[in-house]
Amino acid sequence: MNWTALLRDIGEGTRAQPGRAGLSFASLSIGMAALVSLLAILGGVRQKTQLMIGELGVNVFGLVQPSETERRAEKSTLSRRHVEILAANLTDAIVTGLRLDDGTAAGLPDGAILAATDETLFQVRPWRIVRGRQFDISDIRTRAHCAVVSTALAQAMNLTVGSDVRLRNMTFRVVGLADIEAGSLETSDIRRAVAPGNRLLLVPWTVPASWSTAPAPASGRLDSLFIKGSEPAHFDTLIRRVENLMLQPDCTVEGLSWVTPHSLVHGLMRYQQLIMLAGGAIVLLCLVLGGLTLTSLLLTGVQTRVPEIGLRRALGASPTDIGLLFMCEALLITLSATLAGTGAAWALLTISRSWSPLPIHLGPAVIIIPLLSGLILGIIFSYWPARAAARISPSEALRNE
Amino acid sequence: MTASQPSILKMENVSKLFPTPHGPARVLHSVDITIQPGDFAAITGPSGSGKTTFLNLAALLDRPTEGSLHFGGQDVSALAEPNLNALRKHRIGMVFQRFCLLSHRTVLENVLFRFRYLDIPRSRALSLARQALEEMSLTPHADQPARLLSGGEMQRTAIARAVAAPPDLLLVDEPTGNLDRDSAEGVMQCFKNLNQRGITILLATHNPALLKYCNRCFAFKNGTVIE
């Protein structure tokens, strides 16, 4: 195959009708740019979903007590009793809980959260002790004045393992520093009891909250429960078992919110479907318009180049050579439009990523899928004209000369 | 030429029918022609007499409906399309009445187009193309776009393209139809020179003045031929 000659032939073919070629190129470029944007946003949504699930924890789901219900009926709040009941009934799962207090009122910097929990929290949530240790059962039983601090808060307060931190009139010894993932779950739909942020100070939940200025809370009140299953395959069964347990008369809590991987994905899925419908329609419209213009360009090219086709056949070109020539012309337009559209969209998305409200992920799929689409579009929309050109009888073509 | 040398083109009892809405139209009737290597044969006859159909068959661009067609001693009547392509590519040259040049390309590029479907190194093709241009006295126009040439120059470019890779058989269809008398004389002289170099030429023409250049003449009338 003489590639230089083929490229030259292709270039001349496309330049013969600059108007149609330009229109086809523009439509396909816009379509490809829209496709790239769509893929980047869908990729961003998918990535965000994975991050949210990852931040909640693998095989973890949570139950969250809405604050208004808590104010209305104290007896129907989540409490440490629920943790005990669930733990006793779910031997294949780990159950923990979290109570949030006003950190600022206790003397912590603005935005810091003071949370009370037990010794199993770090086995359930994907938070990692980077220095020191987490609470142990002894800390919980003896109501030890110890604390685990997130690295972000420790840095802000200049704390390290062994430091003392004062919460109103009580002094706590920092026993561990923890990396706490935050950011992905902090959306309007997710309560702080699930995503407390990365400026967090944890104390044993058995220590009386004497730092609290709020009315004395009910004994053992919790804002959220977290349950981690041991078997991914039985995760849905575990959720159903917890649902059944929470329906027992002594466990019922009004207005409980369930935060499961499915509920996290569900919210984003609606978002994803909307983007797919709107973006997909634009992509389809532009690509079909560009493709049809391309077909029209090639068909006109075949009609006006009949003598040239005859000459090529007289010089030994096979029908395949002729068909390939027109198909390659189409591929030149679709692939160059793909590169232009992808490049432009990539640049715009890179620039807008920092301030865009939409999650954007520029992965390899954002390049590979448009390239494959360009290739497939080129083949599909040029097939008919290329076939028509290849089937022109050389003697008929030369008669038109 | 020796007696044992096979004919370059041999048609035996060849007929060609084309489908029409009113049934098949017979354009060639039982044509028997043998062209020997080195011939400069003219095909004459009025329009519609079957000259172009005959040339298309000779160029292996079409197949006979009946009869047998031999090229270089080989029966090509039922030869597969890729084999016909190979024969056209390597052994047949064609010159057309309206030149069939690529107007936006230069003269040299038009001649180089002869090698478009041949596996010949670029440097060799360039050398052959320049040689053909030299023979046609077109070297000064080599870098000029073909559309700027005169009619005679265009036809000589087309001839240079046809013979740049020397063919066994050169088929020429009305080569002077679009030329003035002087240009026509120049073009015919080119054909004469090529024939003297051993290229077999089959020339279709209306113009009786061109017959003086040929050593054989076939007259077509209503699809039949007489020598």
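Residues numbered from 1 in each chain as written. Chains lettered and ligands numbered in written order. Predicted model: local features only at pLDDT ≥ 70, side-chain atom pairs only at ≥ 80, totals over all residues.

Visitor: I'd like to hear about the overall build of chain B, residue by residue, with values.
Guide: Regarding its fold elements, chain B presents six helices and ten strands. Compactness check: chain B gives a C-alpha radius of gyration of 17 Å against a globular reference of 17 Å for 227 residues, within 12% of the reference. If one aligns the C-alpha atoms of chain B with their principal axes, the spans along those axes are about 50 × 45 × 40 Å. When the 227 residues of chain B are sorted by exposure, 48% land in the buried category. Put simply, of all contacts in chain B between residues at least 6 apart along the chain, 72% involve residues at least 24 apart. (Helix = DSSP H or I, 4+ residues; strand = E, 2+ residues; numbered from the N terminus. Rg over C-alpha atoms; globule rule 2.2 N^0.38 Å. Buried ≥ 20, exposed ≤ 12 C-beta atoms within 10 Å, placed from the backbone. Contact = placed C-beta atoms within 7 Å.)

Visitor: Before we move on, can you summarise the overall build of chain A with the specific residues and values?
Guide: Across its full length, chain A holds 13 helices and ten strands. Expected size for 401 residues packed as a compact globule is a radius of gyration near 21 Å; at 32 Å, chain A overshoots this value by more than 25%. A total of 401 residues make up chain A; the buried ones form 43% of that total. Sequence-distant contacts, at least 24 apart, represent 82% of the contacts inside chain A between residues at least 6 apart.

Visitor: Can you break down unusual backbone geometry residue by residue, with the values?
Guide: Of note, A:R143 is a non-glycine position whose phi angle comes to about 55°, a positive value. Of note, the phi angle at B:C100 is positive, near 55°, even though the residue is not glycine. Tracing the chain through its elements places B:C100 in the loop between β6 (92–95) and α3 (107–112). Given 22 C-beta atoms within 10 Å, B:C100 falls into the buried group.

Visitor: So, the interface of chain B and chain A: which residues are in play, and what are the values?
Guide: Facing the 18 residues of chain B at the interface are 16 residues of chain A. In terms of residue count, the dominant contributor to the side of chain B that touches chain A is helix α2 (residues 81–91) of chain B (five residues). Of the residues that constitute the side of chain B that touches chain A, the class distribution is seven nonpolar, four polar and seven charged. (Nonpolar A, V, L, I, M, F, W, Y, C, P; charged D, E, K, R; others polar.)

Visitor: Residues and numbers for the sheet that holds strand β4 (residues 66–71) of chain B, please.
Guide: Across the sheet, which stays open at both edges, the four strands sit in the order β2-β1-β4-β5 (chain B) with antiparallel pairing between neighbours. Two strands close off the open sheet at either side, each with one partner strand: β2 (25–35) and β5 (74–75) of chain B. (Pairing = 2+ DSSP bridges.)

Visitor: Provide a residue-level description of the confidence of the model for chain B, including the pertinent values.
Guide: Note: predicted coordinates in regions of low pLDDT should not be interpreted at a detailed level. Per-residue pLDDT for chain B averages 86, and the proportion of residues at 70 or more is 98%. Within chain B, strand β10 (residues 224–226) of chain B has the poorest average pLDDT of any element, 76, and α3(B) the best, 92. (pLDDT = per-residue confidence, 0-100.)

Visitor: Pulling in residues and values, what's your account of the environment of A:A340?
Guide: All names here are of chain A. Take A340: it is sitting in helix α11 (residues 319–352). By the C-beta count within 10 Å, which is 17 here, A340 ends up partly exposed. Through-space distance from the C-alpha of A340 to that of A33 is 8.1 Å; in sequence the pair is 307 residues apart.

Visitor: So what about the packing of helix α2 (residues 18–56) of chain A against helix α12 (residues 365–390) of chain A? Which residues, and what values?
Guide: Residues and elements named next belong to chain A. It is the contact of α2 with α12, at a shortest axis distance of 9 Å, that shows an interaxial angle of 145°. Handedness of the crossing formed by α2 with α12: right-handed. The residues of α12 that touch α2, namely those facing M32, L35, V36, L39, A40 and G43, are A365, V366, I369, P370, S373 and G374. For the contact of α2 with α12, the residue count by class is nine nonpolar, three polar and no charged. (Axes fitted to C-alpha atoms, helices over the stretch in contact; angles between N-to-C directions. Left-handed = near helix turned anticlockwise from the far one by under 90°.)

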